[in-house]
Amino acid sequence: MNVANLIKELQFKAIRSSGAGGQHVNKVSSKIELTFNLTDSKVFSIEEKERLQLKISNKINKEGNMVLFCDESRSQHKNKEIAIKRFIEMLKNGLIIPKKRKATKPSKASLIKKAENKKKLSQKKSLRKKPTID
């Protein structure tokens with residue numbers, strides 16, 4: 001994944017942030033909206049796009065755009081940096097291929113231990129029974 005080319009494909013939009021901030025908050029657009037179109041991206045292969053489509057489908061809208069918002073900081077530049085970091089981290093996690101599980105058999109020692117434990121339990125329960133009178 002080439003991060004430099006990926007960042008070139010991103011679209012940013014500055015929006016007025018909600019919340020506390022006094023008089024200055026009504027004049028400054030510090031909230032950042034990051035938009036990325038996964039279907040038109042030239043950075044990812046077809047397989048990678050399909051994997052991302054499955055893994056982060058809840059973040060992708062009907063048009064195939066992935067939208068992230070960031071309004072943590074009062075600075076527009078910091079919010080832009082935070083949004084880019086989150087975006088790249090999300091894509092890295094989405095591209096991870098999980099290892100396939102290898103089926104294993106129980107060891108001989110564990111099988112013997114299981115059998116012994118079973119014998120002890122059955123003996124304990126048989127001792128609880130009422131004795132038979134002959």
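Let us look at the structure shown here. Fair warning: this is a prediction, and the values are worked out from it, not measured in the lab.

1. Side note on the pattern of salt bridges
Enumeration according to the criterion identifies one salt bridge in this entry. Its salt-bridge partner being Arg-86, residue Glu-72 comes within 2.0 Å of it at the nearest N-O pair. Of this pair, Glu-72 sits in the loop between β3 (65–70) and α3 (76–95) while Arg-86 sits in helix α3, and the two are 14 residues apart along the sequence. Given the relative accessible area of 33%, Arg-86 is considered partly exposed.

2. Observations regarding the nonpolar core
Judged by nonpolar contacts, the single largest core of 20 residues is most densely connected at Phe-36, Phe-44, Met-66, Phe-87 and Leu-91. Put simply, the parts of the chain that give this core at least two residues each are β2 (31–37), β3 and α3. Among the elements that make up this core, the one with the highest residue count is α3 (seven residues). Sequence-distant contacts of Met-66, defined by excluding residues within four places in its chain, comprise Leu-34, Thr-35, Phe-36, Ile-56, Lys-59, Ile-60, Phe-87, Met-90 and Leu-91.

3. Section: the packing of helix α2 (residues 46–55) against α3
In the contact formed by α2 and α3, the axes pass within 9 Å of each other and the chain directions differ by 105°. In this view, α2 runs roughly perpendicular relative to α3, as classed from their interaxial angle. Judged by residue contacts, Glu-48, Arg-51, Leu-52 and Lys-55 of α2 engage Leu-91, Asn-93, Gly-94 and Leu-95 from α3. When its residues are assigned to classes, the contact of α2 with α3 shows three nonpolar, two polar and three charged.

Reading the values: rules and limits
Residues numbered from 1 in each chain as written. Predicted model: local features only at pLDDT ≥ 70, side-chain atom pairs only at ≥ 80, totals over all residues. Heavy atoms only, no water. Salt bridge = Lys/Arg side-chain N within 4 Å of Asp/Glu carboxyl O. Helix = DSSP H or I, 4+ residues; strand = E, 2+ residues; numbered from the N terminus. Buried < 20%, exposed > 50% of the residue type's maximum accessible area, 1.4 Å probe, protein only. Core = buried A, V, L, I, M, F, W, Y, C linked by side-chain atoms within 4.5 Å. Contact = heavy atoms within 4.5 Å. Axes fitted to C-alpha atoms, helices over the stretch in contact; angles between N-to-C directions. Parallel < 35°, antiparallel > 145°, perpendicular 65-115°, else oblique. Nonpolar A, V, L, I, M, F, W, Y, C, P; charged D, E, K, R; others polar.

Bear in mind that shape data such as this cannot, by itself, settle questions of function.
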